[in-house]
Amino acid sequence: MKTLKNVLLLLLLTAWGCSVKPKPIDYGNDSCHFCKMTIVDKVHGAELVTNKGKTYKFDASECMINFMNQFEDSLEIKLYLTNHYKEPEILIDATNATFLISEKVPSPMGAFLTAFKNKADAEKTQSEKGGILFSWEELLVQLKKL
């Protein structure tokens, strides 16, 4: 009976310690896992979380996308997150975001890539600043071409 309790306790602690959730980016202190720059831009940060709960932080979505090549299987990745242009510091699901590439909206790595929580916000900014809109899937194809 004591062995069963120990096993159950161990399983509970393991499950609790390996939660798969985002971790806040510590702007000005955290470094980008891809380019090693300090993450300071609260509009363009990004984060990737693996199925095992390992978190990787980035100063721009393009760094996260380039870093994804480090994984043999994309199924190892549980969450793709990016900052939302209209609400700096807020991480949103990158796979549901709309992305704008516009030279009038600079980003840390020079790709002029910005994420929006919804298409309406992206279209409004596009009408003001120009550029091209992309879904997550379209963006992955576009960046592989470059």
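This part is about the packing of aromatic side chains. With the rule as written, the count across this model stands at seven aromatic pairs. Between Tyr 80 and Trp 136, the aromatic rings sit 5.3 Å apart at their centres with planes inclined by 50°, giving tilted as the arrangement. Of this pair, Tyr 80 sits in strand β3 (residues 77-84) while Trp 136 sits in helix α4 (residues 136-145), and the two are 56 residues apart along the sequence. The class for Tyr 80 is buried, based on a relative accessible area of 12%. Looking at Trp 136, the relative accessible area reads 4%, which means it is buried. Between the aromatic rings of Phe 99 and Trp 136, the centroid separation amounts to 6.0 Å while the plane-to-plane angle is 40°, which identifies the pairing as tilted. Here Trp 136 lies in helix α4 and Phe 99 lies in strand β5 (residues 98-101), a separation of 37 residues in the sequence. Joined through ring pairs, the aromatic side chains of Tyr 56, Phe 58, Phe 67 and Phe 71 make up one cluster. A cation sits over an aromatic face here: Lys 54 above Tyr 56, 5.1 Å from the ring centre.

Leu 48, Phe 58, Met 64, Tyr 80, Phe 99 and Trp 136 are the most contacted members of the largest nonpolar core, which has 26 residues in total. Of all the secondary-structure elements, those providing two or more residues to this core are β1 (46-50), β2 (55-58), α2 (61-67), β3, β6 (113-116) and α4. Take this core: its biggest share by element is four residues, from α2.

Basis of the calculations
Residues numbered from 1 in each chain as written. Predicted model: local features only at pLDDT ≥ 70, side-chain atom pairs only at ≥ 80, totals over all residues. Heavy atoms only, no water. Phe/Tyr/Trp six-rings, centres within 6.5 Å; stacked < 30°, edge-to-face > 60°. Helix = DSSP H or I, 4+ residues; strand = E, 2+ residues; numbered from the N terminus. Buried < 20%, exposed > 50% of the residue type's maximum accessible area, 1.4 Å probe, protein only. Lys NZ or Arg CZ within 6 Å of the ring centre and 35° of its normal. Core = buried A, V, L, I, M, F, W, Y, C linked by side-chain atoms within 4.5 Å.

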